[in-house]
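One-letter residues, chain by chain:
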Number of protein chains: 4
Amino acid sequence: MNHRGNRHGRSEEARRSVLRAADDLLAEKGFAALTIEGIAARAGVAKQTIYRWWPSKTDVLLDAYAEDAAEDLTPPDTGNLADDLRGYLISLARYLTGSDAGAVFRALAGQAQHDPALAARLRQDHLTRQRARDRGPLERAVARGELPAGTDLEVLVDRLVGPVYYRILVTGQEVTEDFVDELVTACTSAPSARS
Amino acid sequence: MNHRGNRHGRSEEARRSVLRAADDLLAEKGFAALTIEGIAARAGVAKQTIYRWWPSKTDVLLDAYAEDAAEDLTPPDTGNLADDLRGYLISLARYLTGSDAGAVFRALAGQAQHDPALAARLRQDHLTRQRARDRGPLERAVARGELPAGTDLEVLVDRLVGPVYYRILVTGQEVTEDFVDELVTACTSAPSARS
Amino acid sequence: MNHRGNRHGRSEEARRSVLRAADDLLAEKGFAALTIEGIAARAGVAKQTIYRWWPSKTDVLLDAYAEDAAEDLTPPDTGNLADDLRGYLISLARYLTGSDAGAVFRALAGQAQHDPALAARLRQDHLTRQRARDRGPLERAVARGELPAGTDLEVLVDRLVGPVYYRILVTGQEVTEDFVDELVTACTSAPSARS
Amino acid sequence: MNHRGNRHGRSEEARRSVLRAADDLLAEKGFAALTIEGIAARAGVAKQTIYRWWPSKTDVLLDAYAEDAAEDLTPPDTGNLADDLRGYLISLARYLTGSDAGAVFRALAGQAQHDPALAARLRQDHLTRQRARDRGPLERAVARGELPAGTDLEVLVDRLVGPVYYRILVTGQEVTEDFVDELVTACTSAPSARS
DNA sequence: GGCTAACCGAGACGGTACGTCCAGTCTTCGT
DNA sequence: ACGAAGACTGGACGTACCGTCTCGGTTAGCC
């Protein structure tokens, strides 16, 4: 609505400009240069307004991430398991390495290594949901009979997305189409055992 | 040697107590509370002595990591591929989650998400070497004929260790023996294609 | 009367609880810790209510002072100049150092050193009246012939109360009966010249 | 000397520019607008440098006062008591109302009304010394026989300077030559009793 | 055996950001 | 129309570390 700043709750305008500023500054300067003061200045907001609603800058980022990342990253549904997976893993890799939201995720995942509470929030707020989406193609394949009933889908998800995250977060190797093909071939030809 | 305030190069004692202090403080307080001033105070060393030899606190950690982590994490050589891999992946998981050196690695990997230069140094100094060690069992298996010649060992390594790192760094799920078994079974029954 | 959030003018209850809270907080925590927010919280009143009726916290104090100080400090009328003055100066000293109203006065006088506008208001609202009361015994003494007609009563007042204020506000020396005796003796034996 | 900033003690340059900046800002903006941040900015000094050496802004002022006020305000020695006192009281009034150092004193005296610790320091550091100087002309007059031996000089000092401080700090009335004459006449014709 | 160079500790310095407090303004609801 | 509530911008607070610096002390290695 309008900028209220009164007893009926917080200003939606302030909230939005803070999240936007945090997003922009992260993209421009990186996480190390992201400060509450910087966000406040960029958002045209008083520092106290940020501290009133967010305990720390990572909480701001968590909200910013929720804002602009919620929609994406749902695997396609082509009717064919291998195609679904190939398409999804490629778009996942592009998302993580090439988008602003992906940059926010990487920053949060990095910071989560230093902060167990953040790690817990990140898992609860985002990763659980994402893994549910990740399972979609596999569940459909089971329903179609492409995968044997009783396949351990959790492990299968890890075998598919694990190497992608590993390359992006750890080794820095590129996630190529060939690489994705290998992952998909291995998982569709030798799915994981009974759950 | 002894603490030499002299002209013959740096004090080995100061160097060691700095690395030790950094290690200890990381373990006790976490990365966020790790400061140059804190390390200096704990090590009984002047700040300037740290700045003289290390550009930043992550460089101190990098050295500390090199110090106490160099030896470990060489996969066993049992003569059997699956046993080698199972043993290695379990010990890798224990190392990452349960040891001080693993904690340093996780902190560095986390920080590397915010700092491309650190990421590059981490890869160059440690990850490359570690991946060479990771390839050992696979190379021996190729030599024994357990794996077809021409198998793409890089991808195979990613398929094996990727899910382990993913669970530890991202989802926080436990790396169980069953999970490792699945990874190993999938990779030994359906190895990756021609390199 | 009752608390009227209504259209009938300001709430006398709110006004009183604000002045009372200001008084209490000054006595408890001192001037430095006296804040509008603190007064509002203590008075159970909204900040805006204070800002609506008083421009600043010193204006609140000025009103609080007017409230509980108006009555006192009228010199006695014993029919004898020296007795009047002795009694008055002692009670003045006790008032300034020992009463809540005196504490408010000292705070206001202190603040007036930094704020000429406050100094002007303080003089206009209170000091002028007080000096008129101060002159009472002297005027009666002139009427009785105890003092020569044409004596400069303004200077005489300054010579009597000046040293008392000076000791209390500046040097912190105690105002003893002996000290007051000396002041009175000096002024009754050698009154000031023609005005 | 030079700006050290090392183990051999504080930087004289920083100290001086802080005191100078505090003095200037007090004169320009007044006590209310005098902030540590403002002093630091004006002095070209880091805030921490001020906090390292002074507990509060009033301590800075106390030092600034000591710096530029130590010399002045010694009563003249004309060989005649009345002349000494007249000259001194007039110069005291001019000092308090017209000089930068006097403005600092008035600010400190004002603040001392809110802060007993400051009051104590102000008395100990400055007022005691000043009162010793104040007694000078009276002691010489006793030595010359102008005043009876055994006169209570403390009370006499209060009777002389008390009304001057009172007019300047409290009532705001001007300290005229006539007023000073009256004070001096009263004190030289009717000095205070045995000490 | 004194001179000198390189490194040591200590710690003051100019800065930046922190997280908090309060000032003073505003808007809405309830009475 | 006024009061209670409370969110807002703004600015100073006092603290923690940053990275730089200068100093005096210590200890080789050299003349």
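Residues numbered from 1 in each chain as written. Chains lettered and ligands numbered in written order. Predicted model: local features only at pLDDT ≥ 70, side-chain atom pairs only at ≥ 80, totals over all residues. Heavy atoms only, no water.

Where an unreviewed UniProt entry is consulted, chain A appears under the name TetR family transcriptional regulator, with the organism given as Pseudosporangium ferrugineum.

A. How the structure looks around the packing of helix α1 (residues 12–29) of chain B against helix α6 (residues 100–112) of chain B. All names here are of chain B. The N-to-C vectors of α1 and α6 enclose an angle of 80°; their axes lie 10 Å apart at closest approach. Classified by the angle their axes make, α1 and α6 are roughly perpendicular. For the pair formed by α1 and α6, the contact residues are D23, L26 and A27 on the first element and D100, A103, V104 and A107 on the second. Looking at the contact of α1 with α6, its residues break down into five nonpolar, no polar and two charged. (Axes fitted to C-alpha atoms, helices over the stretch in contact; angles between N-to-C directions. Helix = DSSP H or I, 4+ residues; strand = E, 2+ residues; numbered from the N terminus. Parallel < 35°, antiparallel > 145°, perpendicular 65-115°, else oblique. Contact = heavy atoms within 4.5 Å. Nonpolar A, V, L, I, M, F, W, Y, C, P; charged D, E, K, R; others polar.)

B. Layout of the relation of the copies chain D and chain C. Once turned by 179° and shifted 0.1 Å along the axis, chain D lies on chain C with an RMSD of 0.2 Å. The superposition operator between the copies reduces to a two-fold rotation axis. Among all residues of chain D, the minimum C-alpha distance to the rotation axis is found for G110 of chain D, at 1.9 Å. The overlap is high: 100% of the interface residues of chain D also sit at the interface in chain C, so the same surface is used on both sides. (Least-squares fit on C-alpha atoms with pLDDT ≥ 70 in both.)

C. Inspection of the relation of the copies chain A and chain B at higher detail. For these two chains of identical sequence, chain A goes onto chain B by a turn of 179° and a shift of 0.0 Å along the axis, with RMSD 0.2 Å. The share of interface residues of chain A whose copies in chain B are also at the interface is 100%, consistent with both copies meeting through the same surface.

D. Spotlight on the packing of aromatic side chains. Inspection of the entire model under this criterion finds 12 aromatic pairs over all chains. Here the aromatic residues Y65, F105 and Y165 of chain A together with Y166 of chain B are joined through ring pairs into a cluster of three or more. Just above the ring of F31 of chain A sits the side chain of K57 of chain A; from NZ or CZ to the centre is 4.3 Å. (Phe/Tyr/Trp six-rings, centres within 6.5 Å; stacked < 30°, edge-to-face > 60°. Lys NZ or Arg CZ within 6 Å of the ring centre and 35° of its normal.)

E. Inspection of helix α5 (residues 81–98) of chain A at higher detail. All names here are of chain A. For α5, spanning 18 residues, the distance from its first C-alpha to its last is 25 Å, which sits close to the expected 26 Å at 1.5 Å a residue. Residues L81, A82, D84, L85, Y88, L89, I90, L92, A93, Y95 and L96 constitute the buried set of α5. The N-cap residue of α5 is N80: its side-chain oxygen and the backbone nitrogen of A82 are 3.1 Å apart. (Expected span 1.5 Å × (residues − 1). Buried < 20%, exposed > 50% of the residue type's maximum accessible area, 1.4 Å probe, protein only. Polar contact = N/O pair within 3.5 Å; in protein donor to acceptor, adjacent residues only side chain to side chain.)

F. Molecular detail of the interface of chain D and chain C. Listed as interface residues are 36 residues of chain D and, on the opposing side, 36 residues of chain C. In this assembly, chain D packs against chain C so that about 3100 Å² is buried in total across both faces, 59% of it on carbon and sulfur atoms. Applying the counting criterion to the chain D and chain C interface returns two salt bridges. Across the pair D158 of chain C and R167 of chain D runs a salt bridge whose closest N-O atoms are separated by 2.6 Å. Summed over the shared surface of chain D and chain C, the number is 12 residue pairs in polar contact (both at pLDDT 80 or more). Elements with a contribution of two residues or more to the side of chain D that touches chain C: α6 (100–112), α7 (116–144), α8 (153–171) and α9 (177–189) of chain D. For the side of chain D that touches chain C, the element with the most residues is α8 of chain D, which contributes 14 residues. Partitioned by chemical class, the residues of the side of chain D that touches chain C number 17 nonpolar, 10 polar and nine charged. (Buried area = accessible area lost by both parts, 1.4 Å probe. Salt bridge = Lys/Arg side-chain N within 4 Å of Asp/Glu carboxyl O.)

G. Up close: the pattern of salt bridges. On inspection of all chains with the given rule, the structure shows 73 salt bridges over all chains. Salt-bridge contacts for R86 of chain D lead to D83 of chain D; the nearest nitrogen and oxygen are separated by 3.1 Å. In this pair, R86 of chain D and D83 of chain D both sit in helix α5 (residues 81–98), three residues apart, roughly one turn of the helix. Judged by its relative accessible area of 28%, R86 of chain D is partly exposed. By relative accessible area, D83 of chain D is classed as partly exposed at 37%. Residue E139 of chain D pairs with R135 of chain D through a salt bridge whose shortest N-O separation is 3.4 Å. Of this pair, E139 of chain D and R135 of chain D both sit in helix α7, separated by four residues, roughly a single helical turn. Relative accessible area serves as the criterion here: at 21%, R135 of chain D is assigned to the partly exposed category. Connected through salt bridges with shared partners, the residues R131, R135, E139, E154 and D158 of chain A together with R167 of chain B form a single ionic network.

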